[in-house]
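# Descriptive analysis of the structure
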Amino acid sequence: MIVITGATGRLGSQVVDRLLTRIPADQVGVSVRDTARAADLRARGVRVRRGDFTEPESLAEAFENAAQVLIVSANDTGGEAVAQHAAAIDAATTVGATRILYTSHQGAGADSRFAPMPDHAATEALLAASGLPFTSLRNGFYTATIPLLLGNALETGELRAPADGPVSWTEHADLAEAAAIVLAEPDLIDGATPPLTAPNALDLNDIAAILTDLSGRTVRRVIVEDEDWTAGLITHGVPEAQAELLLGMFHASRRGEFATTDPALESLLGHEATSVRTFLEGALAPR
Ligand SMILES: NC(=O)c1ccc[n+]([C@@H]2O[C@H](COP(=O)([O-])OP(=O)(O)OC[C@H]3O[C@@H](n4cnc5c(N)ncnc54)[C@H](OP(=O)(O)O)[C@@H]3O)[C@@H](O)[C@H]2O)c1
């Protein structure tokens, strides 16, 4: 059986969906915090069990009989996140899994300026120390993050944000499909994958140009001082720690931490990855 955590989240739910096109539902299980939110999966024949990384005892039952466990990284940061991932790795080992998969990041690195990246690096070190075969999916930066960086650019015609650097923005759907392929074909990749990214790295200047093109209204990129940007977020109710975390993403992108691109994702998928332009076309389409 293949067990997937985070299956009520954006990535995990799409992984399960794609996996069910490849293997029978009775070989798929999910470990979720709220089983009521996975009722649709149960109806499709998937084993649904409750598992919470902060309650390690719940994971023993949620992972029971798993040959492979896909640990979808939690959305905490720091020691808390790494402790949660450690609990999941321990549980997978205890139930006798023969392989662990983990959703890491292309920018995983102990000295990154963006807080989640050292957590991914620390989790990869735990995987390596576990003694079990593992695959660390070094996912590209989610394209879905872009709207969070735009502010009200489309209304004002100004994309105001701190200085940034290129990012190889990558769609959830493509990353989910790749994870499903790697789960269904266990011998494909061992250890850390190459960066799983779309083929182009774009900065906010490039994104302003795409927005201009798609909307028919000029969107100008305006660089804002770091402190002014975080102060603006805090004024709008964003907690200070969250604002600083987000600023770290700009610092990291300026250093080129998310600029790498690699053909591995498209070659796994056997088709082109979704471009930022296509994503923004969908995001701007009238509903
Ligand atoms: N590659 C990138 O650019 C990027 C960007 C942002 C985040 N990420 C990472 O990728 C992960 C998946 O992304 P996503 O878009 O699917 O995020 P998401 O929709 O927030 O999903 C996160 C999943 O993790 C589960 N989770 C959180 N805490 C947990 C715990 N204590 N025990 C068990 N499960 C727990 C959540 O459970 P519930 O459904 O019960 O809430 C949710 O299903 C994120 O959690 C984050 O680590 C990557």
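The shown structure was predicted, so the numbers you read here are calculated from the model rather than taken from an experiment.

## Structural notes on the overall build of the chain
Each helix and strand in the chain was counted, giving 13 helices and nine strands. Taking the principal axes of its C-alpha atoms as reference, the chain extends roughly 55 × 35 × 35 Å. Each of the 287 residues in the chain was classed as buried or not, and the buried ones make up 49%. Here the chain has roughly 12700 Å² of accessible surface; of this, 50% comes from carbon and sulfur atoms.

## Description of the pairing of strand 7 (residues 158-161)
Within a regular strand, the side chains alternate between the two sheet faces. Side chains L159 and A161 project from strand 7 onto a buried face, and the interleaved E158 and R160 project onto a face without burial. Of the strand pairs in this sheet, strand 7 and strand 9 (residues 220-223) are connected by four bridges, and their pairing is parallel. From the neighbouring strand, A161 faces strand 9, where its bridge partner is I223.

## Thoughts on the side chain of Q84
Along the polypeptide, Q84 turns up in helix 4 (residues 79-94). Assessed through its relative accessible area of 6%, Q84 is described here as buried. Looking at Q84, its side chain comes within polar contact range of the side chain of D76, at 2.9 Å. With sequence-adjacent residues up to four places away left out, Q84 is seen in contact with F53, T54, A74 and D76.

## A closer look at the sheet that holds strand 2 (residues 28-32)
Across the sheet, which stays open at both edges, the seven strands sit in the order 3-2-1-4-5-6-8 with parallel pairing between neighbours. Edge positions in the sheet fall to strand 3 (47-50) and strand 8 (191-192), since each of these pairs with one other strand and no more. Two elements, strand 1 (residues 2-5) and strand 4 (residues 68-71), share three bridges in a ladder whose sense is parallel. Pairing of V3 across the sheet is with V69, part of strand 4. Here helix 1 (residues 10-19) sits on the sheet in contact with strand 1, strand 2, strand 4, strand 5 (99-105) and strand 6 (134-139), set at roughly 155° to strand 1.

## Notes on the site of the ligand
The environment of the ligand is made up of 21 residues, and the closest members are T8, L11, S73, N75 and H172. One nitrogen or oxygen atom from the main chain of G140 is found 3.1 Å from a nitrogen atom belonging to the ligand. Bound to the protein, the ligand loses 82% of the 900 Å² it would expose on its own. Here the shell around the ligand is built from residues that sort into six nonpolar, eleven polar and four charged.

## Some details on the nonpolar core
Formed by 37 residues in total, the largest nonpolar core has its most connected members in I4 and V30. Mapped onto this core, the elements with two or more residues apiece are strand 1, helix 1, strand 2, helix 8 (172-184) and helix 12 (264-269). For this core, the element with the highest residue contribution is helix 8, accounting for eight residues. Not counting residues within four places of it along the chain, the set of residues in contact with I4 comprises G12, V15, V16, L19, V28, G29, V30, S31, L70 and L183.

## Quick notes on the packing of aromatic side chains
For the coordinates displayed, the defined rule picks out five aromatic pairs. Each ring, one from F114 and one from F141, has its centre 5.9 Å from the other, and the planes form 25°; the classification is stacked. Taken together, the positions of F114 in the loop between strand 5 and helix 5 (116-130) and F141 in the loop between strand 6 and helix 6 (146-150) put the pair 27 residues apart, joining distant regions of the chain. Residue class for F114 comes out buried when judged on its relative accessible area of 8%. Between F114 and F258 the ring centres are 6.2 Å apart and the planes differ by 85°, which places this aromatic pair in the edge-to-face class. With F114 in the loop between strand 5 and helix 5 and F258 in the loop between helix 11 (240-254) and helix 12, the pair connects residues that are 144 residues apart, well separated along the chain. For F258, a relative accessible area of 0% corresponds to the buried category.

Conventions we followed
- Residues numbered from 1 in each chain as written.
- Predicted model: local features only at pLDDT ≥ 70, side-chain atom pairs only at ≥ 80, totals over all residues.
- Heavy atoms only, no water.
- Helix = DSSP H or I, 4+ residues; strand = E, 2+ residues; numbered from the N terminus.
- Buried < 20%, exposed > 50% of the residue type's maximum accessible area, 1.4 Å probe, protein only.
- Areas by Shrake-Rupley, 256 points an atom, 1.4 Å probe, with all protein chains shown as cover.
- Pairing = 2+ DSSP bridges.
- Polar contact = N/O pair within 3.5 Å; in protein donor to acceptor, adjacent residues only side chain to side chain.
- Contact = heavy atoms within 4.5 Å.
- Axes fitted to C-alpha atoms, helices over the stretch in contact; angles between N-to-C directions.
- Near = heavy atom within 4 Å.
- Nonpolar A, V, L, I, M, F, W, Y, C, P; charged D, E, K, R; others polar.
- Core = buried A, V, L, I, M, F, W, Y, C linked by side-chain atoms within 4.5 Å.
- Phe/Tyr/Trp six-rings, centres within 6.5 Å; stacked < 30°, edge-to-face > 60°.

Spatial relationships are all this shows, so hold off on functional conclusions.
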